[in-house]
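Overview (structure and organization)
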Amino acid sequence: MRKLSLPQRGFLLFSAVTLAVGLSTVRTSAKVSGVCGNCHTMHNSQDGAAIMHSGDGAGWAADGTFTSGTATDTPAGYLLIANCVGCHSSTTADQTIIQLGENRIPIVFNTAGYPADALAGGNFYQVAQADYDGYGHNVYGISEIDSKLSAAPGNTRCSGIASSCHNTLAVAPSGHNYDRGGCQGCHFFVFHHQDNDEYRFLNSHDEPQGAYVQGVEHASWEHPDETTATDHNFYKGVDKLADGGHDGVDLRTTHSISSYCGGCHNAFHNNDGTGTDVWLRHPTDIALPEEGEYAAYNPVTGYEIQSPVAWINPAAAQRDEAIVMCLSCHRVHGSQHPDILRWDYSGMIADEPNDDGCFVCHTTKD
Ligand code: HEC
Ligand code: HEC
Ligand code: HEC
Ligand code: HEC
Ligand code: HEC
Ligand code: HEC
């Protein structure tokens with residue numbers, strides 16, 4: 001069990017209290033279960049042939065076998081049968097949760113097509129295709145370095161090191177990315193055998209100082225068949241204006257999902273307008289007002305997966321604590337739209353009837 005700091009104890013205590021009074025949000029277990037051999041191989045050998053598979057095309061087939069890609073002797077770490085990309089891929093176009101006995105493996109990359117049932121983070125299928133760099137994060141093992149972006153837009157950190165995670169996630173592990181890169185540029189420390197307070201293993205190299213995201217995880221990663229207006233992910237947000245504007249954007253203190261994106265896109269999350277109400281970039285980590293055009297979106301009762309919000313307390317969502325976040329408009333892994341948007345921006349046309357995307361919040365601009 002990881003040692004919990006005082007604020008975390010408070011958070012857990014609060015969760016326990018809300019559960020006791022019977023609210024619908026349940027913090028689910030993120031731990032893996034099931035037989036070791038589903039995921040680990042002791043000698044990388046079965047009937048004399050290598051078990052481990054990785055590289056192009058590696059992933060789970062519809063019949064639950066894992067034999068595509070290249071059989072390899074290069075260790076993936078922890079005696080696993082695959083690396084991160086391989087075990088979280090499916091060679092189908094439609095399976096996004098692979099059921100293997102007791103195990104359920106969330107799929108982030110379908111190699112045969114963009115799945116209708118993509119999970120919360122979206123899917124890497126589109127960005128893996130040539131000429132679709134803008135449709136996802138370009139990640140090692142899935143796509144080449146982005147042809148237009150040689151750094152994360154809005155990044156001002158680590159800028160001198162071309163292969164640092166702030167500049168690209170599409171290069172092999174090396175000393176410049178703490179021997180991680182790819183998936184682990186974002187999921188820096190993973191904890192498959194633990195439950196802890198970290199939302200979806202989202203943390204950074206400052207994790208020992210408290211840099212991780214909090215939230216309430218939906219048990220099925222928002223698989224469309226199992227997600228409702230009350231049963232979904234609850235992300236952590238903060239109201240950065242409440243403490244005077246420029247403070248409150250550091251992941252170590254906020255644990256917010258937008259501060260997390262700000263780790264590599266920091267200028268997009270800072271409040272760098274000329275005051276607290278003049279913005280250079282669309283605000284994030286600010287409260288969704290309850291009046292004006294925003295009054296028509298009550299995410300407590302009518303949460304919209306297409307334009308979601310974060311919460312000051314994700315374990316007890318309240319209307320006056322709903323927060324605009326980066327994921328209100330973006331997916332993270334990849335989507336079917338440019339700029340990893342959750343919807344087609346070119347379809348957002350003022351003064352034409354539309355309830356989608358931007359109009360979920362800006363209800364009077366259609
Ligand atoms: C569903 C997949 C899955 C199953 C089943 C599974 N593991 Fe793991 N295990 C992983 C992954 C992924 C890691 C990678 C590192 C991490 O997240 O800690 C891991 C890491 C480990 C580690 C090293 C890290 C640590 O936490 O100590 C050990 C030891 C381990 N597993 C043992 C086992 C044993 C023993 C079993 C069966 C009782 C088992 N695992 C079942 C997926 C699995
Ligand atoms: C051998 C298979 C296997 C490998 C290899 C593996 N994972 Fe996983 N991973 C799983 C399974 C199974 C789960 C689902 C655990 C659960 O039930 O919540 C999971 C869950 C996750 C989650 C979601 C956690 C949550 O809270 O729901 C993330 C993020 C993740 N893995 C990232 C990684 C990264 C990064 C790597 C490489 C370091 C990796 N995985 C390697 C099997 C694997
Ligand atoms: C570990 C660093 C890192 C983190 C954390 C990160 N990004 Fe990025 N992001 C990058 C890099 C590098 C690029 C440029 C290359 C690329 O597209 O992959 C990028 C590009 C993007 C793009 C533009 C895609 C394109 O190709 O035009 C969007 C949108 C984006 N990120 C959104 C987000 C959001 C939202 C989050 C938080 C959920 C986030 N990022 C977290 C590193 C990061
Ligand atoms: C730019 C940062 C970033 C990169 C790169 C990244 N992830 Fe994620 N991942 C996230 C975020 C943020 C979430 C939470 C999404 C949500 O809940 O809306 C997430 C969620 C997940 C989940 C849970 C399923 C879901 O869609 O919510 C899994 C599994 C996972 N990631 C695995 C991976 C693997 C494997 C890779 C590499 C192929 C990877 N991630 C690369 C940021 C990233
Ligand atoms: C209100 C919706 C919205 C929110 C909230 C939002 N974005 Fe965006 N983002 C967009 C749109 C739309 C585009 C593309 C067109 C444009 O920039 O006007 C975009 C583009 C981007 C790009 C690509 C820029 C480039 O140079 O190609 C990145 C990176 C990005 N966003 C990251 C973020 C991060 C990080 C956050 C949170 C701090 C965030 N976005 C919050 C809507 C949003
Ligand atoms: C999750 C809700 C949400 C979504 C989705 C959203 N916005 Fe906003 N937007 C807000 C809030 C809240 C404000 C700030 C209101 C305030 O403080 O007056 C805002 C402010 C703005 C402003 C004015 C900024 C200023 O300086 O006053 C513009 C322009 C804007 N949004 C455009 C968009 C566009 C275009 C989209 C779609 C790409 C979009 N928004 C999506 C909630 C949202």
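Each value, and the rule that gives it
Counting of residues starts from 1 at the beginning of each chain's written sequence and follows it residue by residue. All chains are assigned letters beginning at A, and all ligands numbers beginning at 1, according to the order in which they are written. Residue-level local features of this predicted model are given only where pLDDT is at least 70; pairs of side-chain atoms are given and counted only at 80 or more, and the full residue set underlies all totals for whole chains, interfaces and linings. The basis for every side-chain value is the complete set of heavy atoms in the structure, and neither hydrogens nor water enter the calculation. Note on definitions: salt bridges are taken to be side-chain nitrogens of Lys or Arg within 4 Å of carboxyl oxygens of Asp or Glu. Here a helix means four or more residues in a row that DSSP labels H or I, a strand means two or more in a row labelled E, and each is numbered from the N terminus. Partly exposed residues are those whose accessible area sits between 20% and 50% of the maximum for their type, while under 20% is buried and over 50% is exposed, using a 1.4 Å probe and protein chains only. Distances are taken per atom, and a residue is near a molecule or strand as soon as one of its heavy atoms is within 4 Å of it. Counting of polar contacts relies on pairs of N or O atoms within 3.5 Å, with two restrictions inside protein: one atom must be capable of donating a hydrogen and the other of accepting it, and residues adjacent in sequence are counted only when both atoms are side-chain atoms. Gly counts as polar in this scheme, as do all residues outside two lists: the nonpolar Ala, Val, Leu, Ile, Met, Phe, Trp, Tyr, Cys and Pro, and the charged Asp, Glu, Lys and Arg. The contact criterion used throughout is that any non-hydrogen atoms of two residues lie within 4.5 Å. At least two DSSP bridges between two strands are needed for those strands to be called paired. Note that the domain bounds reflect an automated or database-derived domain assignment. Only nitrogen, oxygen and sulfur atoms count as donors, using a 2.8 Å cut-off from the metal that widens to 3.2 Å for Na, K and Ca. Water is left out, so coordination shells may look unfilled. Any coordination sphere not matching a tetrahedral pattern (four donors, all angles between 85 and 135 degrees) or a square planar or octahedral pattern (four or six donors, opposite donors over 155 degrees apart, other angles between 65 and 115) is reported as irregular.

With that out of the way, let us pick up the pattern of salt bridges. Counting across every chain of the model gives four salt bridges. Close ionic contact of Arg-200 with Glu-217 constitutes a salt bridge, the shortest N to O distance being 4.0 Å. Pair noted here: Arg-200 is in the loop between α3 (183-186) and β7 (215-216) and Glu-217 is in the loop between β7 and β8 (234-236), with a separation of 17 residues, a long-range link. Like Glu-217, Arg-200 is buried. Glu-293 is the salt-bridge partner of Lys-365, the closest N and O atoms lying 3.0 Å from each other. Of this pair, Lys-365 sits in the segment after β11 (322-324) while Glu-293 sits in the loop between β9 (286-287) and α7 (299-302), and the two are 72 residues apart along the sequence.

Residues in contact with ligand 6 amount to 14 residues; listed here are only the nearest, His-282, Tyr-294, Cys-358, Cys-361 and His-362. Within the contact set of ligand 6, a nitrogen atom lies 2.9 Å away from a side-chain nitrogen or oxygen of His-282. The separation between a nitrogen atom of ligand 6 and a polar side-chain atom of His-362 is 2.7 Å. Of the residues in the shell around ligand 6, the class split is ten nonpolar, four polar and no charged.

You can see Ser-259 is positioned in helix α5 (residues 257-262). At a separation of 2.9 Å, a polar atom in the side chain of Ser-259 contacts the side chain of Ser-256. Not counting residues within four places of it along the chain, the set of residues in contact with Ser-259 comprises Val-249, Asp-250, Leu-251, Thr-254, His-269 and Asp-285.

So, on to the sheet that holds β8. Ordered in space as β7-β8-β10-β11-β9, the five strands form an open sheet in which the pairing is mixed. Edge positions in the open sheet fall to β7 and β9, since each of these has one partner strand only. When β8 meets strand β10 (residues 310-311), the two strands line up parallel, connected through two bridges. Across the sheet, residue Lys-236 finds its bridge partner in β10, namely Trp-311.

What follows is about the site of ligand 4. In the neighbourhood of ligand 4, 25 residues make up the surrounding shell, with Cys-183, Cys-186, His-187, Tyr-235 and His-333 lying closest. At 2.8 Å from an oxygen atom of ligand 4 is found a main-chain nitrogen or oxygen belonging to Gly-121. His-187 places a side-chain nitrogen or oxygen 2.8 Å from a nitrogen atom of ligand 4. Looking at the shell around ligand 4, the elements that each hand over two or more residues are α2 (84-87) and α3. Counting contributing residues, the shell around ligand 4 receives three or more from each of domain 1 (1-30 + 184-366) and domain 2 (31-113).

Listed as protein donors to the iron atom of ligand 6 are His-282 (NE2) and His-362 (NE2); their distances from the metal cover 2.0 Å. For the iron atom of ligand 6, the six donor atoms in the first shell make angles of 87 to 178 degrees at the metal, so the coordination geometry reads as octahedral. Taken together, the positions of His-282 in the loop between α6 (266-269) and β9 and His-362 in the segment after β11 put the pair 80 residues apart, joining distant regions of the chain.

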